[in-house]
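Working through the structure, step by step
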Amino acid sequence: MNAVSQVFAVIAAAVHLLAWPLESFLYGHPRVRFLLTGSTADAPEVRLWRFNVGFYNLFLALGLVAGLVLLHTGHAASGRAVISYVAAFMAAGGITLFASEPRVWRGALAQALPAAAILIAEAF
């Protein structure tokens, strides 16, 4: 796996690690709601969903970290496979997010672009 792919794997993991506490624990703050949704309106009915989505982001980030660890501990094929799968999952998730709600395009880009860069860098 080339260096560009690995740098973008770290970036994608960092984005998802940042999203985890925002969605799971800090969504009650109006500034966080605005950052994530473009609105400060509270939606208590989505609290459980947000909590779950935050942890989903944590697990995706940990998947990239696990792939990087495998890559650098003598398991290059396994590391490449894990990183590629998680990156494809993240990119598809970002596309799905944008398709379902275009007004949250910033979040969709943050989710999809670093992951897509991993896949593109690996293709060349």
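Below: a short report on this structure. No experiment lies behind these values; they were computed from the predicted model shown.

**A closer look at the pattern of salt bridges**
Summed over all chains, the structure comprises 4 salt bridges. With a closest N to O distance of 3.9 Å, Glu 122 and Arg 80 form a salt bridge. A residue pair is termed long-range when its members are at least 10 positions apart, and Glu 122 in helix α5 (residues 105–123) and Arg 80 in helix α4 (residues 76–100) qualify at 42 residues. The exposure class assigned to Glu 122 is partly exposed, which follows from its relative accessible area of 26%. Notably, a salt bridge pairs Arg 103 with Glu 101, separated by 3.4 Å at the nearest N-O pair.

**Section: empty space enclosed by the protein**
Sizing a probe to match a water molecule and rolling it over the atoms shows the empty space that remains. Enumeration over the complete set of coordinates arrives at 1 cavity of 30 Å³ or more. Empty space within the largest cavity amounts to approximately 30 Å³. Surrounding the largest cavity, Leu 35, Leu 36, Thr 37, Gly 38, Arg 103, Val 104, Trp 105, Arg 106 and Gly 107 form its lining. Of all the elements in the fold, those that place two or more residues in the lining of the largest cavity are α2 (30–37) and α5. Split by residue class, the lining of the largest cavity holds 4 nonpolar, 3 polar and 2 charged.

**A look at α5**
A turn of α-helix holds 3.6 residues, and therefore any two residues three or four places apart point the same way. Along its 19 residues, α5 runs 26 Å from first to last C-alpha, staying within 8% of the 27 Å computed at 1.5 Å per residue. The axis of α5 is deflected most strongly, by about 25°, at Ala 112, and proline Pro 114 appears within four residues downstream. Among the residues of α5, those classed as buried are Ala 108, Gln 111, Ala 112, Pro 114, Ala 115, Ala 117, Ile 118 and Ala 121. Of the surrounding elements, those touching the buried residues of α5 are α1 (3–24) and α4.

**Re the packing of aromatic side chains**
The tally for this structure, following the rule as stated, stands at 8 aromatic pairs. Centroid distance Trp 20 to Phe 55: 5.7 Å. Interplanar angle 70°. Geometry classified as edge-to-face. Remark: Phe 55 occurs in helix α3 (residues 47–71) and Trp 20 occurs in helix α1; sequence separation between them is 35 residues. The class for Trp 20 is partly exposed, based on a relative accessible area of 25%. The class for Phe 55 is partly exposed, based on a relative accessible area of 21%. Between Phe 51 and Phe 55, the ring centres sit 5.0 Å apart and the planes meet at 50°, which makes this aromatic pair tilted. Linking Phe 51 with Phe 55, this pair stays in helix α3, spanning 4 residues, or about one helical turn. Among the residues examined, Phe 51 registers a relative accessible area of 36% and is labelled partly exposed. Ring pairing ties together the aromatic residues Trp 20, Phe 25, Phe 51, Phe 55 and Phe 59, which thus form one cluster.

Rules and cut-offs
Residues numbered from 1 in each chain as written. Predicted model: local features only at pLDDT ≥ 70, side-chain atom pairs only at ≥ 80, totals over all residues. Heavy atoms only, no water. Salt bridge = Lys/Arg side-chain N within 4 Å of Asp/Glu carboxyl O. Helix = DSSP H or I, 4+ residues; strand = E, 2+ residues; numbered from the N terminus. Buried < 20%, exposed > 50% of the residue type's maximum accessible area, 1.4 Å probe, protein only. 1 Å grid on protein atoms, 1.4 Å probe; cavity = no way out; pocket = protein on both sides within 12 Å on 5 of 7 lines; lining within 4 Å. Points joined across faces, edges and corners; volume = space filled by probe spheres on them. Nonpolar A, V, L, I, M, F, W, Y, C, P; charged D, E, K, R; others polar. Expected span 1.5 Å × (residues − 1). Bend = angle between axes of the 7 residues up to and from the residue. Contact = heavy atoms within 4.5 Å. Phe/Tyr/Trp six-rings, centres within 6.5 Å; stacked < 30°, edge-to-face > 60°.

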